[in-house]
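One-letter residues, chain by chain:
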Amino acid sequence: MVIGVTMLNVLPGSEKNAYNDLKSFAGVKDVYHVFGEFDFVVIMELETLRELNDVVDKIRENPNVTATQTIVGAEL
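Residues numbered from 1 in each chain as written. Predicted model: local features only at pLDDT ≥ 70, side-chain atom pairs only at ≥ 80, totals over all residues. Heavy atoms only, no water.

Under an unreviewed UniProt entry, the name given to the chain is Transcription regulator AsnC/Lrp ligand binding domain-containing protein, and the source organism is Methanolapillus africanus.

Spelled out as structure tokens, the structure:
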């Protein structure tokens, strides 16, 4: 299991559309609209790093998304 967290920014006024799009991706467990440096935090759980990368690529392809930053969780 791979856990990924992507923080992202969207175009002003596109928050509701972006939220609905983000919730529709396979592997996305939670989407939080936040205040501060980023507009959203997306929590993902997928089987492989490749699957995580594919979802992040799809997020980046969204025309409303202007920037992303992704971190990958590791087991201790």
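So, next bit.
Caption draft 1: A look at the nonpolar core. Membership of the largest hydrophobic core comes to 17 residues, with the highest contact counts inside it found for Leu 8, Leu 22, Met 44 and Ile 59. Listing elements by their share of this core, those giving two or more residues are strand S1 (2–10), helix H1 (15–23), strand S2 (28–33), strand S3 (40–46) and helix H2 (49–61). Look past the residues within four positions of Leu 8 in its chain and what remains in contact with it is Leu 22, Phe 38, Asp 39, Phe 40, Val 42, Ile 59, Val 65, Ala 67 and Thr 68. (Core = buried A, V, L, I, M, F, W, Y, C linked by side-chain atoms within 4.5 Å. Buried < 20%, exposed > 50% of the residue type's maximum accessible area, 1.4 Å probe, protein only. Helix = DSSP H or I, 4+ residues; strand = E, 2+ residues; numbered from the N terminus. Contact = heavy atoms within 4.5 Å.)

Caption draft 2: Representation of the sheet that holds strand S4 (residues 65–72). Strand order in the open sheet made by the four strands is S2-S3-S1-S4, with antiparallel pairing throughout. The open sheet has two edge strands with one neighbour each: S2 and S4. Averaged over all neighbouring strand pairs, the angle between strand axes comes to 20°, with direction disregarded. The pairing of S1 with S4 spans seven bridges and is classified as antiparallel. By the bridge assignment, Val 5 is partnered in S4 with Ile 71. With respect to the sheet, H1 is in contact with S1, S2 and S3, its orientation differing from that of S2 by roughly 165°. Sheet contacts for H2: S1, S2, S3 and S4; angle to S3, the most-contacted strand, approximately 150°. (Pairing = 2+ DSSP bridges. Axes fitted to C-alpha atoms, helices over the stretch in contact; angles between N-to-C directions.)

Caption draft 3: Focus on the side chain of Asn 9. Mapped onto the elements of the fold, Asn 9 is located in strand S1. In this structure Asn 9 comes out as buried when scored by relative accessible area, which is 18%. Polar side-chain contacts of Asn 9 include one of 3.1 Å to the backbone nitrogen of Asp 39. Ignoring anything within four residues of it in the chain, the contact list for Asn 9 reads Glu 37, Phe 38, Asp 39, Asn 64, Val 65, Thr 66 and Ala 67. (Polar contact = N/O pair within 3.5 Å; in protein donor to acceptor, adjacent residues only side chain to side chain.)

Caption draft 4: Seen up close, the pairing of S1. Burial of S1 is extensive: eight of the nine residues sit out of reach of the surface. Examined bridge by bridge, S1 and S3 share seven bridges and lie antiparallel to one another. Counterpart to Val 2 in the pairing with S3 is Leu 46.

Caption draft 5: View of the environment of Phe 25. Take Phe 25: it is sitting in the loop between H1 and S2. Expressed as a C-alpha distance, the spacing of Phe 25 and Ile 59, which sit 34 residues apart in the sequence, is 8.6 Å. Other than its neighbours up to four places away in sequence, Phe 25 contacts Val 55, Lys 58 and Ile 59.

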